Amino acid sequence: DAKTTQPPSMDCAEGRAANLPCNHSTISGNEYVYWYRQIHSQGPQYIIHGLKNNETNEMASLIITEDRKSSTLILPHATLRDTAVYYCIVRVAGGGSNYKLTFGKGTLLTVNP
Amino acid sequence: NAGVTQTPKFQVLKTGQSMTLQCAQDMNHNSMYWYRQDPGMGLRLIYYSASEGTTDKGEVPNGYNVSRLNKREFSLRLESAAPSQTSVYFCASSEALWAGGPAKNIQYFGAGTRLSVL
């Protein structure tokens, strides 16, 4: 699975959009981008995934650049409850030994009132 | 809809004691996993079960055993606890191990068991 690079921390004001970047310059054509988050003392929570098109669900939007070397997770209206560590994971789906999730250090997003 | 339920939430053991961590999912998932998370570190896979009746070692299986009791339940046993096993343990499940496309590989996690071994 491709390696990812994320900033260690970011701040965001409550009610504003939070834009979390992820660099995955070595991504392969069959690798998906997944985002999870872990709120303090809780289990990781799936947010969204995508291959090359932008994706949106009830939690967030995922923007993947055309060359697929980077992506941005967007929380449109951040709340205090969105304070968490956000993990960008790149993995092959549908084949290979990708059964385990490899969490890096992620980005600690702090939403401030 | 409970999702993935882990019991107990907290446990303190003495070195050498044994215990079993329980995990159950109600999403009719085929695959289940046990991870541990140590302070400042990412998740490490201990064991996984691709489907009912099968189990396989992950990255850090030493000192642990697992049982896939049925499709819903996947337990993790520490036969003789050691201080190095102090950690937070997470159980997860997914519809499939790797086949069927990206949505089927999404892992859903329980709230964790915080274990201290003295």
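Please refer to the structure higher up on the page.
These lines cover the structure that appears in this document, whether it is placed above or below. As the structure is a computational prediction, the values presented were derived from the model and not from experiment.

### A word on the side chain of H49 of chain A
Part 1 of the argument: Topologically, H49 of chain A is positioned in strand β4 (residues 45-50).
Part 2 of the argument: Separated by 2.6 Å, the side chains of H49 of chain A and Y46 of chain A make a polar contact.
Part 3 of the argument: Once residues lying within four places of it in the same chain are set aside, the contact partners of H49 of chain A are Y32, V33, Y34, E55 and L62 of chain A together with P102, A103 and I106 of chain B.

### Description of the interface of chain A and chain B
Part 1 of the argument: Each side of the interface is counted separately: chain A has 22 residues, and chain B has 23 residues.
Part 2 of the argument: Here chain A meets chain B over a buried area of about 1,700 Å², counting both sides, of which 58% is carbon and sulfur.
Part 3 of the argument: The interface formed by chain A and chain B contains zero salt bridges.
Part 4 of the argument: Breaking the side of chain A that touches chain B down by element, the ones donating at least two residues are β3 (31-38), β4 and β8 (84-92) of chain A.
Part 5 of the argument: The element best represented in the side of chain A that touches chain B is β3 of chain A, accounting for four residues.
Part 6 of the argument: Looking at the side of chain A that touches chain B, its residues break down into ten nonpolar, nine polar and three charged.

### Remarks on the pairing of strand β1 (residues 4-7) of chain B
Residue and element names in this part refer to chain B.
Part 1 of the argument: Burial along β1 is one-sided: the face carrying V4 and Q6 is buried and the face carrying T5 and T7 is not.
Part 2 of the argument: Looking at chain direction, β1 and strand β3 (residues 19-25) are connected through four bridges and run antiparallel. Bridge pairing in β3 links Q6 to C23.

### Regarding unusual backbone geometry
Part 1 of the argument: Cis rather than trans, the peptide bond between T7 of chain B and P8 of chain B has omega equal to -5°.
Part 2 of the argument: In this structure, S41 of chain A takes a positive phi of about 70° despite not being glycine.
Part 3 of the argument: Inspection of the secondary structure assignment puts S41 of chain A in the loop between β3 and β4.
Part 4 of the argument: Judged by relative accessible area, which is 43%, S41 of chain A ranks as partly exposed.
Part 5 of the argument: The phi dihedral of N28 of chain B falls on the positive side, at around 60°, and the residue is not glycine.
Part 6 of the argument: As for its placement among the helices and strands, N28 of chain B is situated in the loop between β3 and β4 (31-37).
Part 7 of the argument: For N28 of chain B, a relative accessible area of 54% translates into the label exposed.

### Overview of the side chain of S94 of chain B
Residue and element names in this part refer to chain B.
Part 1 of the argument: Relative to the helices and strands, S94 is located in strand β9 (residues 87-94).
Part 2 of the argument: Residue classification places S94 among the buried positions, given a relative accessible area of 0%.
Part 3 of the argument: Other than its neighbours up to four places away in sequence, S94 contacts H29, N30, S31, Y33, K104, N105, I106 and Q107.

### Observations regarding the pattern of salt bridges
Residues and elements named next belong to chain B.
Part 1 of the argument: Counted by the stated rule, this structure contains four salt bridges over all chains.
Part 2 of the argument: D38 is the partner of R36 in a salt bridge, and the nearest nitrogen-oxygen pair spans 3.0 Å.
Part 3 of the argument: Taking relative accessible area as the criterion, D38 reaches 11% and is therefore assigned buried.
Part 4 of the argument: Taken together, the salt bridges that share partners define one network made up of R36, D38 and R44.

### Let's talk about the sheet that holds β3 of chain B
All names here are of chain B.
Part 1 of the argument: Read across the sheet, four strands follow the order β1-β3-β8-β7 without closing on themselves; strand pairing throughout is antiparallel. Two strands lie at the open edges of the sheet, namely β1 and β7 (64-68), each paired on one side alone. In this sheet, adjacent strand axes meet at a mean angle of 15° when their direction is disregarded.

### Some points on the nonpolar core
All names here are of chain A.
Part 1 of the argument: Judged by nonpolar contacts, the single largest core of 21 residues is most densely connected at W35, L73, Y86 and L109.
Part 2 of the argument: Looking at this core element by element, the count peaks at four residues for β8.
Part 3 of the argument: Those residues in contact with L73 that lie beyond four places of it in its chain are A18, N19, L20, W35, I47, I48, A60, S61 and Y86.

Definitions and cut-offs
- Residues numbered from 1 in each chain as written.
- Chains lettered and ligands numbered in written order.
- Predicted model: local features only at pLDDT ≥ 70, side-chain atom pairs only at ≥ 80, totals over all residues.
- Heavy atoms only, no water.
- Helix = DSSP H or I, 4+ residues; strand = E, 2+ residues; numbered from the N terminus.
- Polar contact = N/O pair within 3.5 Å; in protein donor to acceptor, adjacent residues only side chain to side chain.
- Contact = heavy atoms within 4.5 Å.
- Buried area = accessible area lost by both parts, 1.4 Å probe.
- Salt bridge = Lys/Arg side-chain N within 4 Å of Asp/Glu carboxyl O.
- Nonpolar A, V, L, I, M, F, W, Y, C, P; charged D, E, K, R; others polar.
- Buried < 20%, exposed > 50% of the residue type's maximum accessible area, 1.4 Å probe, protein only.
- Pairing = 2+ DSSP bridges.
- Axes fitted to C-alpha atoms, helices over the stretch in contact; angles between N-to-C directions.
- Core = buried A, V, L, I, M, F, W, Y, C linked by side-chain atoms within 4.5 Å.

In short, shape yes, function no, at least from these values alone.
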